[in-house]
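Residues per chain are reported as follows:
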Amino acid sequence: MFVILLAGCFPVRPGQQETETPTAGISTSTSPTIQITSAAATQEPVQIGLYDTLELVFTASLSPDNPFDTYLLRLEIHDPTGKTFLIDGFYDGDGRGGQEGRVWKARLTPYMPGRWTWRTVEGDQPDPELVGLSGEIECLPGENSGGVVRQGKYFALQNGEPIYLVGHFLDFSGGLPSTHIYMSETLDDDQRKAVLERQRDFHSANKANLYIANRGDYDDQPVTPWVGSAARNDKTQMDLRRWTLYDGYIQQFKENRMLAELWFFADDSRFRQVSEADKRRLVRYTLARTSAFSHTMYVIALEWQEDWMRDEVTRMGNFIQQYNPWGRPVSVHGIAGSGWEFGGESWADFIASQAGNNAPPRRVNRFASGFWSQYDLPHLSEEFGILNSDSDPEQRARLWANFTGGAAGSGTGSDLQALQRFLAESRIPFQRMTPANELASDGGQSQFVLAEAGHHYLVYTTGGPFSLEVQGQNLNGRWFDPRSPGAWIGSPFAVSAGTQSFTPPEAAGEQDLVLWISDGSQLNPGVTHPSTGSPMLSLTVTSD
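Because the structure is predicted, anything quoted here is derived from the model rather than measured.

What counts, and where the lines are drawn
Residues numbered from 1 in each chain as written. Predicted model: local features only at pLDDT ≥ 70, side-chain atom pairs only at ≥ 80, totals over all residues. Heavy atoms only, no water. Helix = DSSP H or I, 4+ residues; strand = E, 2+ residues; numbered from the N terminus. Rg over C-alpha atoms; globule rule 2.2 N^0.38 Å. Buried < 20%, exposed > 50% of the residue type's maximum accessible area, 1.4 Å probe, protein only. Contact = heavy atoms within 4.5 Å. Areas by Shrake-Rupley, 256 points an atom, 1.4 Å probe, with all protein chains shown as cover. Lys, Arg positive; Asp, Glu negative; His and termini not counted. Charge placed at Lys NZ, Arg CZ, Asp CG, Glu CD. Right-handed = clockwise from strand over helix to strand, strands pointing away. Expected span 1.5 Å × (residues − 1). Pairing = 2+ DSSP bridges. Axes fitted to C-alpha atoms, helices over the stretch in contact; angles between N-to-C directions. Parallel < 35°, antiparallel > 145°, perpendicular 65-115°, else oblique. Left-handed = near helix turned anticlockwise from the far one by under 90°. Nonpolar A, V, L, I, M, F, W, Y, C, P; charged D, E, K, R; others polar. Polar contact = N/O pair within 3.5 Å; in protein donor to acceptor, adjacent residues only side chain to side chain.

1. Side note on the overall build of the protein
Counting secondary structure elements, the protein contains eight helices and 32 strands. Since a compact globule built from 544 residues should have a radius of gyration of about 24 Å, the 24 Å found for the protein is in line with a globular shape. Classification of the 544 residues of the protein by burial places 59% in the buried group. Look at the contacts in the protein between residues 6 or more apart in sequence, and 72% of them connect residues 24 or more apart. If you sum the accessible surface of the protein, you get close to 20,100 Å²; carbon and sulfur atoms cover 45% of it. Computed over 43 positive and 66 negative side-chain charges, the inter-centroid distance for the protein is 1 Å.

2. Here's the deal with the side chain of Gln199
Summarising the element assignment, Gln199 is placed in helix H1 (residues 189-202). Residue Gln199 is classed as buried on the basis of its relative accessible area, which comes to 2%.

3. What about the pairing of strand S21 (residues 351-354)?
Here S21 shows no split at all, with Ile351 and Ser353 on one side and Ala352 and Gln354 on the other all buried. Handedness of the crossover joining S21 and strand S22 (residues 379-383) through helix H6 (residues 361-374) is recorded here as right-handed.

4. Some points on helix H4 (residues 276-290)
Taking 1.5 Å per residue as the helical rise, H4 with its 15 residues ought to reach 21 Å, and the 21 Å between its terminal C-alpha atoms agrees with that figure. The buried fraction of H4 amounts to twelve of the 15 residues, a majority that puts the element mostly inside the structure. Restricting attention to buried positions, one finds in H4 the residues Asp278, Lys279, Arg281, Leu282, Val283, Arg284, Tyr285, Thr286, Leu287, Ala288, Arg289 and Thr290.

5. With respect to the environment of Glu197
Tracing the backbone through its elements, the reader meets Glu197 in helix H1. According to the relative accessible area criterion, Glu197 is partly exposed, its value standing at 31%.

6. Describing the sheet that holds strand S13 (residues 162-163)
Pairing within the open sheet is antiparallel, and its three strands lie in the order S11-S12-S13. Looking at which strands have only one partner, the edges of the open sheet turn out to be strand S11 (148-151) and S13. Of the strand pairs in this sheet, S11 and strand S12 (residues 154-157) are connected by four bridges, and their pairing is antiparallel. Within S12, the position partnered with Gln151 by the bridge is Tyr154.

7. Overview of the packing of helix H3 (residues 240-255) against H4
Taken N-terminus to C-terminus, the directions of H3 and H4 make an angle of 50°; their axes are 11 Å apart at the nearest point. Considering their axes alone, H3 and H4 lie oblique with respect to each other. Taken as a pair, H3 and H4 cross one another with a handedness that is right-handed. Along its contact with H3, which presents Leu240, Trp243, Thr244, Asp247 and Ile250, the element H4 presents Leu282, Tyr285, Thr286, Arg289 and Thr290. Broken down by class, the residue content of the contact of H3 with H4 amounts to five nonpolar, three polar and two charged.

8. Re helix H5 (residues 310-322)
Helix length check: H5 (13 residues) gives 19 Å between terminal C-alpha atoms against 18 Å at 1.5 Å per residue, within 8%. Of the residues making up H5, those classed as buried are Val313, Thr314, Met316, Gly317, Phe319 and Ile320. In this fold, the buried residues of H5 make contact with strand S18 (259-265), H4, strand S19 (296-301) and strand S20 (330-331).

9. Looking at the side chain of His456
Within the secondary structure, His456 sits in strand S26 (residues 456-461). Side chain to side chain, His456 and Ser518 meet in a polar contact 2.8 Å long. Residues contacting His456, with those up to four places away along its chain left out, are Pro429, Arg432, Met433, Leu450, Ala451, Trp516, Ile517, Ser518, Asp519, Gly520, Ser521 and Leu523.

10. Overview of the sheet that holds S26
If you walk across this open sheet you meet the six strands as S24-S25-S26-S31-S28-S29, and the pairing is antiparallel. Each edge of the open sheet carries a strand with a single partner, namely strand S24 (434-435) and strand S29 (488-495). Sheet topology note: the strand S28 (residues 475-480)/strand S31 (residues 513-518) ladder contains five bridges and is antiparallel. Counterpart to Arg478 in the pairing with S31 is Trp516.

11. Observations regarding the pairing of strand S6 (residues 84-88)
Where strand S5 (residues 73-78) lies against S6, five bridges are found, and the strand directions are antiparallel. Residue pairing for S6: Ile77 is matched across the bridge by Phe85. Between S5 and S6, which follow one another and run antiparallel, lie five residues, and Gly82 among them has a positive phi close to 95°.

Don't take any of this as a statement about function, it's just geometry.
Laid out in structure tokens, this is it:
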């Protein structure tokens, strides 16, 4: 027999009473406490929504020498189809951010409706209080669209809806810090709020890049997951006070309809000197604690060539997939202009690249289309410009050049909100379209083309008349202003098959424009963001 206490679960911040409710973007709703005193086999299963997160809280009887090396808690999970897999629990001290204690937690996120079961099995070291417990979960369909999964050369939400990823981690306008250091111990909550609101409201971003560990990037604004300071820390011990905060920070992005792209190791941080064992310790703990948040995805390192050897990346990628039961996408990021050196390796789920912050649009386009033609993986072009103002014409051109090059997303750019509005309103089926600059008179130079021949054509042009070869019937064209969210120009007009000439609207002058030609067939739903989901639920499990 055992007792389960059910309550809404929220991290407690230092100095905050347990009865208080955290704010800053995290949902404040809570569920009533429910006490179940009968054996699990006789109880109704706990109900949770599809892709939502359930936390199980246990108390161990043992205290291993290092609970960040010796995992006492492990769960065997059975999904409704009968598939069985194991997940790690993680050590959480006293369960409220304190280092000392015997609290262990495991987090689950059902990915299909139906009856799920779990049972505790022996971990790295047997603990009699953590073996032989079990329970059932009833996963109910809901409004949560889940995180992202690979779908060919692009991404889709777990509910199957295609999504193009957009964010800006190098927006320093008005003195803002990068999203990369959102979890830094040097930032305060007002700064975090400003960053989050800029991403959500100005950029309409659907993803944000966050460092798990940083020492030297961004003028020494560190993110230190270990006990100690950035300059002097113990990499055998996770700082549970900070990790309690990290839980809340990561969930803030879900509550604001953004994916959290977690980067394990920054550049410029001398992580070359960190042993492989220390790196693996951090990675395993991060995955055990965060991968059940459905909106997560992972990047091993920024500019891996600076601190890593190729075989080290491969080993780490394979190691991550051993502890990635929920199948979150994984990649590694390369230096400017570098190719992808991990083709054919099963651990890699997408390509994270950078064309270079000074790359002209034509190079960004060739860079993206090269990955598109060579690899059957989604390609995120993370970095092609630093933004120091609200709008930058060159970065806007790079953004659209990247999109028309077949990329699956971008981590920088300008006027992102306009791109998001276009994706939503045009419902462009980008995942079926291919780079097709050869169809335009100055393709690859002043025009960049993405097409599904006979059905859909997208042209980004930097200005002036041009010709375009089109096929199909019942085609209609319309101009769009890439500088302004919602700025369609004029009315739709009929487009005939053949090589047609197009002159941008006179009001646009020589500015860049987008031409969208479509027969309206098999359009996307127009989804541009993941859903918020429900607050994490927590079950406290004790043996009787």
